[in-house]
Amino acid sequence: MDHSFAPLKNDLIIRAAWGQKVERPPIWVMRQAGRYLPEYHQAKGTHDFFECCRDPEISSTLTLQPIERFAGLIDAAIIFSDILVIPQAMGMTVEMVDKKGPHFPNPLRTPDDGQYAEVMKRDVDVAKELDYVYKAITLTRKKLDGRVPLIGFCGAPWTLLCYMVEGGGTKMFKEIKTWIYKYPEETKALLQKISELCVEYLALQVKAGAQLVQVFDSWAGELSPSSFNKFSQPYLAYIAQHLPPRLKEMGLEPVPMIVFPKGAWYALNHVCDMGYNVIGLDWLHSPEEAVKIVGDRPIVLQGNADPGVLYGSHASITETVQEMVKGFGWAERKQGWIVNLGHGITPFVNPEDLRFYFQEIHRLTKTEGQ
């Protein structure tokens, strides 16, 4: 399947992600296509969330909304989809409940509940099951017409397993903690299976047209450092180590790989050695400290303003941007930083305040003569 896409007019984020010196730091934000935008609700209409993910036309329209609204201010699109499409492909039912979030009516309860054995032995064909994602990526690349690169993504094995076991979002993590401390070997076997599916899923996204990929480990911070080393780190590393050779096997060029282990600030030093090009930082990190920990390793950092600053005054937004520009050492380094928030945009943010955030980054990182 050969796609002919328009040449890229803005490759800033790709150059930055490979660690090159760049004229200004590239910008995108997690959940930039989403419910804070009035046009999102118009395009979504009466479709439920997963219907939007499964409809390439709607998914591509939603993906492009922030690119059109913030034209010239942001440097990447991220495909409108969800991390939970992998558990769906594995045969589990996931619903998006309004005002509550994702819900698994029949989560995994114990390794003996029957469903665990089914999930483990099922031969999952991610090419077939998630074909709608690849179609959405290809259509989006065509509609982007080279304006900015397109990011593909998946959930990290640990985070996906949390949802599969808890049945949805949670504050206590009672079920998954039971699994890791009562059934560690069964937990690791399933994490390994999910990791293999993630590699294939990301490779097929690249084949469809994704130009960078991000692995979201949203619940990494629920693990202690020693548990992170057992139940998250090996599986994140597996993806980073196996995606490039898989792309090569498929006759595809490597793409920059981003990992976002939210909340696992204590693991940054280890995460630098996993094989990813870019590490996403949440707002719990001090940029100065993160830069020190990275040292002379060829790692690019992404982040990391507190998304909550977008509820604040313009003066607060400016101050946050100034702190980041200084903390990431932009003036001296001119490399190693992709601007983002420390997590996804939260609901009820005024899109014009996000625009101000983008404008301030441009203003405060502009090189003389640009």
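Residues numbered from 1 in each chain as written. Predicted model: local features only at pLDDT ≥ 70, side-chain atom pairs only at ≥ 80, totals over all residues. Heavy atoms only, no water.

Let's talk about the packing of aromatic side chains
A complete count under the given rule lists 16 aromatic pairs for this structure. Ring plane angle 75 degrees and centroid distance 5.8 Å describe the contact between Trp265 and Tyr266, whose orientation is recorded as edge-to-face. With relative accessibility at 23%, the residue Tyr266 sits in the partly exposed group. Following the ring pairs from residue to residue traces out a cluster consisting of Tyr40, Phe49, Phe50 and Phe80. (Phe/Tyr/Trp six-rings, centres within 6.5 Å; stacked < 30°, edge-to-face > 60°. Buried < 20%, exposed > 50% of the residue type's maximum accessible area, 1.4 Å probe, protein only.)

Digging into a nonpolar patch on the surface
Nonpolar side chains collect at one region of the surface, where Trp265, Trp283 and Leu284 lie side by side and expose about 350 Å² of accessible area between them. Assignment of secondary structure puts Trp265 in the loop between strand 6 (257–261) and helix 14 (268–271). Assessed through its relative accessible area of 52%, Trp265 is described here as exposed. (Patch = residues over 30% accessible without salt bridge, like charges linked within 9 Å, V, L, I, M, F, W, Y side chains within 5 Å. Areas by Shrake-Rupley, 256 points an atom, 1.4 Å probe, with all protein chains shown as cover. Salt bridge = Lys/Arg side-chain N within 4 Å of Asp/Glu carboxyl O. Helix = DSSP H or I, 4+ residues; strand = E, 2+ residues; numbered from the N terminus.)

Thoughts on the pattern of salt bridges
Counted by the stated rule, this structure contains 21 salt bridges. The partner of Arg246 in a salt bridge is Glu200, with the nearest N and O atoms 2.7 Å apart. Linking Arg246 in helix 13 (residues 233–249) with Glu200 in helix 11 (residues 184–208), this pair joins segments that are 46 residues apart in sequence. The salt bridge partner of Arg355 is Glu352, with a shortest N-O separation of 3.0 Å. Of this pair, Arg355 and Glu352 both sit in helix 18 (residues 351–365), separated by 3 residues, roughly a single helical turn.

Notes on the UniProt feature "domain: Uroporphyrinogen decarboxylase (URO-D)" (unreviewed entry) in the protein
The sites that UniProt annotates as "domain: Uroporphyrinogen decarboxylase (URO-D)" (unreviewed entry) are residues 26–35 and 151–167. The straight-line gap between the two end C-alpha atoms of residues 26–35 is 23 Å; of that span, 0% is helix and 0% is strand. The span residues 151–167 shows a helical share of 59% and a strand share of 29%, and its end C-alpha atoms are spaced 27 Å apart. (UniProt positions renumbered as here; feature names shortened; annotations may be inferred.)

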